[in-house]
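Architecture at a glance
This is what each chain is made of:
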Amino acid sequence: MNEPIDGIDATRRRVLGAAALVALAVAPGVSLIAAADAGQRRAAAARPTRRFGLLIDTTRCKRSCTACVTACSAYNGWSNQGRPIDPQWIRKVEVTEPVSGLSHSVPVMCQHCAAPACVEVCPTGASFKRADGIVLVDRHICIGCRYCMMACPYKARSFVSEDVSGQRPDAPRGKGTVEGCTLCVPRVDAGELPACVEACSRQGGGAMTFGDLNDPRSAIRRALAAYPAVQLRADLQMDPGVRYQGL
Amino acid sequence: MSAIHYREIEGRGAGFWVLAALLAGLIAAGLTAAWFMEHIGHVITGMTNQVVWGMPHVIAVFLIVAASGALNTASIASVFGKVAYKPLARLSGLLAIALLSGGLLVLVLDLGRPDRLAVAMTHYNFRSIFAWNIFLYTGFLAVTGAYLWVMMERRLNDHTRRVGTAAFLWRLILTTGTGSIFGFLVARQPYDEAIMAPMFILMSFAFGLAILLLVLMSACKATGRPLGDAIVMRLKNLLGVFAAAVLYFLLAFHVTKLYQAEFDGAEAFLLRDGGVYTLLFWGGAVFLGGVLPMLLFWLPQTRRSRAAVVWGSLSVVAGGLALLYDIIVGGQAWPLSIFPGMQVSSSFYDGVVNAYTPSLPECALGLAGCAWAAFVTLFALKLLPFMPQSLADDAVEPPARIAGAGATDAAA
Amino acid sequence: MAAIPRILLSLLIAAVAAAPAVAGRLPRPEIPAAKGAHCVRPTEWMRKNHMQLLMRLRYEAVHDGIRHRQESLPGCMNCHVSRLANGTYPSANSPQFFCNACHRYVGVSIDCFSCHTNRPGPVGPAPVKASAPAPGANGTRPAGAAR
C-alpha cells in the first residue's frame, strides 16, 4: 500500500483511509480519479494513422469451404441454426451472373465503411467507427432500436433476440443489442489476424488478406496495386474497407 | 353566437367506465406483452434479422404521424385565422398529445433494451435523424402543451396565434423527420426518396383529421352534444382533399421510382407481384385510403350522409395503416441489392423475399399504444373542458372575426 | 446525474465498512474470497470506486482498443470467481457470485453479465482452433434456407 498504485496519489489514499472524511472525499472524488488517471492512459491501439481492411480474392474462395464462417462463429460465440432470428456475422453468398452462369462464392461481412450508414443513423452513437476504421457497436449504449440494420446496405448486422450464455471472455454478446463483425478487434489489437483470415489461410484457399490500407508496404496495399479490386455497392460511396478481387 | 362554451364530459355513465375498463385492459395486455418481449427476447415477435421493424413500428409511426396531423385543425384556426375551426382547436391539441404519447410508448417498449431509455436521453449522435426525432417528439409534446395552455387560460389567449404558429412549424418539422427516417435509407430500394418527407406530411394531414372526425362525432354522440352539419361537412371535404393529396404523392413517389431502371425489381414487387404487399397497396392504401373516402364524401348519393363521413374516416385510417405496413414491412421484405444484376443465394436469406408474420405480443403492444391514446383522450375530456358544449350550426358560424379575439371560456 | 446514487452508495458502503460497532446489528454481505495476492487497486478504494474504473476501462477497451490483462472485467472474474463446493461456477444470478454479494446487499442491479461471461477464462485473443471442422462440414448452412 505504500507504493502509488495506478491512478491514486498518496494524498488521496490518506483521505480515503480516514473514514471520518469519506463523506467529504467522495463527491469531488469523481473528478479526482479522472484527473489522476489521465496521466496513466496507455497508448490507444486504435490509431488514426491506420485503416484496417480486408481483401478477398474470390477466385481462391471455394464454394464448398466455410472455414471463415466456422472460425468466426467459434471465436465470437454466435451460431446460426437457419432461423430468421439467428445472427450471422459472416456468410458465404453464392453470386451468379445471369447470362453466363459464371458463379462466385463470396464471403460477406461488415464492410467497415469509411462513411458507414449505420454510424450516421445510430441515435445514441453506439454504432461507431474506431480511429483505425473498424466499425463496431458499443453495446453498453446500444438501445436495440435496429435503425443501423435498416440502414446497412450489406445486411452485416444482426439483432440478438434471445438470451445468450457461455460467451468467451473477450467476445461478449447479449440479448437486446445489435452486433456484427468486429474484425476480431481483440485479436487485431494484440497484433494478430482476424479469425476468418487465419482460418482461410490455414484451412481454406488463402483468399483473405488483412492489413493496413494506409500502409503502402502492407500486403493488402501491394495486392490492391497489382490487380483491380471492387467494393460492394461502391455507388453508395460509403467507401468500404473490404475489397473484392475476381468479381 | 359569439362565444364558445367548453365543458368537460360527464363521464359517469356505465358506457364511460366500460370503455375505460376496456382500454385499460388493452393497455395492460400490451404492457404484459412488452415485458415478455424484454425478458424472453424478440424471438417471440415475428421480427427477424431480415424484417427488423414490424407491427409495433407500423402502429407507432401511424400514431406519431396522425398526432402531428391531428394538430392541424387547431393550426387552421389560430395560424390561418379560420374561425369556424376554432371550437375544435382544444380537442385537436389534446389528440395530438394523446396520439404522440401512444406512439412513443410503443416505440420505446419495442426497443431491445427499453431499460436503457436513459441512455437514449443522455447519448446523442446528432447526425442521426432518429436522435433529432427524440427532441422533435418531446418538444412537440411541450409546444402542444403550451399551446393548449394559452388556448385554455383566458389571460393568455392573446398568445394563441404565436404559440400556435410555433406548434404548426414544429409539427411540419416533426413529420419531415419521421418521413426522413425512411427517406434517408439509401441502402433499401423501396425507400431512398426525399419525397417521403412531404408525403408523410400529407399522410399526417389525412390520418390526423380522420381520427379527429371520428373522436368528435363519437364524443358528441355519446354526450348528446349537438354537432351541426356545417362543421362536419367542412372537415369531411378537407379530409377528402387530404386523401386525394396522399394519392397524388403515392403516384409521384412510384412514378419516380419506376422511371429508374434500378428500382424496377422493387417496384414490380410492391405494385404487382408482392402478394400481401401488393394487396395492401392497391386495396388498402389506394382504395381504402383514397378512392373510397373520396367516393363516400363526394358522390351525390352519400355526400350529405353522416354515416358516410364515419365510414370514410374509418377507411382513411385503415388505408393509412395498410400504407404504413406496405412501406415499413414491404420495404424490408424486398431483399437488399448487394450484388446488383446478379443472382444471389446464401444461408442468410440473401436474394429472397423475406417473410414476416406479426405475432400476438407485438400486435398487443401496438394495440396498447392506440388504447393509451384513447384512454388519455377519454380522461382528459372528463377532467378539463376540451369539448365545446355545442357545435350546432348557429354556434360555429360566427361572423368573420380575427381568431383568438373573441372566444370566452365558460368552463363550469 | 448518475453520480448521485453512486455517491450515496459509496457513503453507505463506507459507513458499513467504517462502523464495526454497528456490525453486530447489521447483516453483512458475505464476500467470496479472491484468488490473487492483491487487487489492481487498494480494496478500500475499489469498494467505493470500482464502477468508475470499470466505466473508464470499458470505454478505453471498446473505443480505443486499450486492453489490459488484469484491469478488465475478465481480469476481475479471474481473481474473484472460483468454483463452488460442488465444482461448478456460480451463475450470474447466484447470491454466491462475487459481484452479487454486495450488489444484492445494497440493492443495486447490474446488467454486465447479460453480455459478459462471469466465469474465469483466458484473457486475450484465443487461437483459432486447429480442430475446427473440415471445410464444408459445418452446421452453419441450414437446409432449405438458401432458397
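Residues numbered from 1 in each chain as written. Chains lettered and ligands numbered in written order. Predicted model: local features only at pLDDT ≥ 70, side-chain atom pairs only at ≥ 80, totals over all residues.

Now for the overall build of chain B. Across its full length, chain B carries 14 helices and 3 strands. At 22 Å, chain B has a C-alpha radius of gyration in line with the 22 Å of a compact globule built from 412 residues. Dimensions of chain B, computed from the C-alpha atoms along their principal axes, are close to 70 × 50 × 40 Å. Of all 412 residues assigned to chain B, the portion counted as buried reaches 53%. (Helix = DSSP H or I, 4+ residues; strand = E, 2+ residues; numbered from the N terminus. Rg over C-alpha atoms; globule rule 2.2 N^0.38 Å. Buried ≥ 20, exposed ≤ 12 C-beta atoms within 10 Å, placed from the backbone.)

On a plain count of helices and strands, chain C comes out with 5 helices and 0 strands. Overall, chain C shows an N-to-C arrangement of helices and strands of α-α-α-α-α. Expressed as a percentage of contacts within chain C between residues at least 6 apart in sequence, the contacts between residues at least 24 apart total 62%. (Contact = placed C-beta atoms within 7 Å.)

Between chain A and chain B, the residue contacts involve 47 residues of the former and 37 residues of the latter. Elements supplying a minimum of two residues to the side of chain A that touches chain B: strand S2 (90-96), helix H4 (117-121), helix H5 (147-151) and strand S6 (157-159) of chain A. Tallying contributions element by element places S2(A) first for the side of chain A that touches chain B, with 6 residues. Its residues placed into classes, the side of chain A that touches chain B shows 25 nonpolar, 11 polar and 11 charged. With 4 bridges joining them, S2(A) and strand S2 (residues 343-346) of chain B adopt antiparallel strand pairing. Looking at the pairing, Val93(A) lines up with Ser346(B) of S2(B). (Nonpolar A, V, L, I, M, F, W, Y, C, P; charged D, E, K, R; others polar. Pairing = 2+ DSSP bridges.)

All names here are of chain A. The 3 strands lie next to each other as S8-S1-S9, forming an open sheet whose pairing is mixed. Pairing within the sheet leaves two strands with one partner each, and these edge strands are strand S8 (208-212) and strand S9 (242-245). On average, each strand axis in the sheet is inclined to that of its neighbour by 20 degrees, with strand direction left out of account. Across 4 bridges, the pairing between strand S1 (residues 52-57) and S9 is parallel. Opposite Leu 55, over in S9, you have Arg 243 as the bridge partner. (Axes fitted to C-alpha atoms, helices over the stretch in contact; angles between N-to-C directions.)

Tracing the sequence through the fold places Arg304(B) in the loop between helix H11 (276-298) and helix H12 (306-333). In sequence terms Arg304(B) and Asp229(B) are 75 residues apart; their C-alpha atoms lie 8.6 Å from each other.

Residue and element names in this part refer to chain B. The end-to-end C-alpha distance of helix H9 (residues 229-259) is 44 Å, a good match for the 45 Å that 31 residues give at a rise of 1.5 Å each. Among the residues of H9, those classed as buried are Ile 231, Val 232, Leu 235, Lys 236, Leu 239, Gly 240, Phe 242, Ala 243, Val 246, Leu 250 and Lys 257. In the core, the buried residues of H9 are packed alongside helix H8 (196-223), helix H10 (264-273), H11, H12 and helix H14 (393-396). (Expected span 1.5 Å × (residues − 1).)

Attention now moves to the confidence of the model for chain B. Residue-level pLDDT values for chain B average 92, and 96% of them are 70 or greater. pLDDT under 50 marks residues 399-412 of chain B. Its contacts with residues more than four places away, or in other chains, come to 29 contacts. (pLDDT = per-residue confidence, 0-100.)

All names here are of chain A. Relative to strand S3 (residues 103-109), S2 runs antiparallel, the two being bridged by 7 bridges. Residue pairing in the sheet places Lys 92 in a bridge with Pro 107 of S3. Hairpin connection, S2 to S3: the antiparallel pair is bridged by 6 residues, and Gly 101 has positive phi, about 80 degrees.

It is worth spelling out H11(B) at this point. Phe287(B) marks where H11(B) bends most, by close to 55 degrees. Within H11(B) the residues assigned to the buried category are Tyr277(B), Leu280(B), Phe281(B), Gly284(B), Ala285(B), Leu288(B), Gly289(B), Gly290(B), Pro293(B), Leu296(B) and Phe297(B). (Bend = angle between axes of the 7 residues up to and from the residue.)

Quick look at the packing of helix H4 (residues 89-110) of chain B against helix H6 (residues 129-152) of chain B now. All names here are of chain B. Look at H4 against H6: their axes get within 10 Å of each other, and the N-to-C directions meet at 155 degrees. Taken as axis vectors, H4 and H6 run roughly antiparallel relative to one another. Helix-helix and strand crossings are classified by hand; for H4 and H6 the assignment is left-handed. Contact residues: H4 offers Ala 89, Arg 90, Gly 93, Leu 94, Ala 96, Ile 97, Leu 100 and Leu 104, while H6 offers Tyr 137, Phe 140, Leu 141, Thr 144, Gly 145, Tyr 147, Leu 148, Met 151 and Met 152. Class assignment of the residues belonging to the contact of H4 with H6 gives a composition of 13 nonpolar, 3 polar and 1 charged. (Parallel < 35°, antiparallel > 145°, perpendicular 65-115°, else oblique. Left-handed = near helix turned anticlockwise from the far one by under 90°.)

What follows deals with the sheet that holds S2(B). Across the sheet, 3 strands lie side by side as S3(A)-S2(A)-S2(B); this open sheet has antiparallel pairing. Single-partner strands in this sheet number two, and they are S3 of chain A together with S2 of chain B. Direction aside, neighbouring strands of the sheet carry axes that sit 30 degrees apart on average. Contacts between helix H3 (residues 67-76) of chain A and the sheet are confined to S2 and S3 of chain A, with S2(A) contributing the most and set at about 160 degrees to the helix.

On to the packing of H8(B) against H12(B). Two measures define how a pair of helices packs: the angle their axes make with one another and the distance between the axes. Residues and elements named next belong to chain B. Relative to each other, H8 and H12 sit at 140 degrees, their axes nearing to 9 Å. As far as their axial angle goes, H12 and H8 are oblique. Seen along the crossing, H8 lies across H12 with a hand that is left-handed. On H12, the residues touching Met 203, Ala 206, Phe 207, Ala 210, Ile 211, Leu 213, Leu 214 and Met 217 of H8 are Val 309, Val 310, Ser 313, Leu 314, Val 316, Val 317 and Gly 320. Among the residues making up the contact of H8 with H12, the classes are represented as 13 nonpolar, 2 polar and no charged.

We now examine unusual backbone geometry. All names here are of chain A. Here the phi dihedral of His 112 falls at roughly 50 degrees; this positive angle occurs in a residue that is not glycine. Secondary-structure assignment places His 112 in the loop between S3 and H4. On the neighbour-count criterion, His 112 (28 C-beta atoms within 10 Å) is buried. A positive phi angle, close to 45 degrees, is found at Arg 233, a residue other than glycine. Position of Arg 233 among the secondary structure elements: in the loop between helix H8 (219-226) and S9. C-beta crowding within 10 Å serves as the criterion here: with 20 such atoms nearby, Arg 233 is assigned to the buried category.

Time to look at the confidence of the model for chain C. Residue and element names in this part refer to chain C. Residues of chain C with pLDDT of at least 70 account for 67%, and the chain-wide mean is 77. Summarising per-element confidence for chain C, the mean pLDDT is lowest in helix H2 (residues 20-23) (48) and highest in helix H3 (residues 43-64) (94). Under a pLDDT of 50 for its full length, residues 18-22 has, in the predicted model, 2 contacts with residues more than four places off or in other chains. A low-confidence stretch, residues 130-147 (pLDDT under 50), is modelled with 38 contacts involving residues beyond four sequence positions or located in other chains. For this predicted complex, the interface score ipTM comes out at 0.89, alongside a pTM of 0.87.

All names here are of chain B. Tracing the chain through its elements places Gln 332 in helix H12. When the C-alpha positions of Gln 332 and Leu 88 are compared, they lie 39 Å apart, and in sequence the two are 244 residues distant. With residues near it in sequence (within four places) discarded, Gln 332 still touches Gln 50, Val 51, Val 52, Trp 53 and Asn 354.

In this structure, Leu99(B) and Ala206(B) are the most contacted members of the largest nonpolar core, which totals 215 residues. Counting residues per element, this core draws most heavily on H8(B), at 18 residues. Sequence-distant contacts of Ala206(B), defined by excluding residues within four places in its chain, comprise Gly69(B), Leu239(B), Phe242(B), Ala243(B), Val246(B), Val316(B) and Gly320(B). Residues Leu73(C), Met77(C), Phe97(C) and Cys99(C) belong to the second largest nonpolar core, which totals 7 residues. (Core = buried A, V, L, I, M, F, W, Y, C linked by C-beta atoms within 7 Å.)

Relative to the helices and strands, Leu193(A) resides in the loop between helix H6 (185-189) and helix H7 (195-202). Not counting residues within four places of it along the chain, the set of residues in contact with Leu193(A) comprises Arg187(A), Glu198(A) and Phe210(A).

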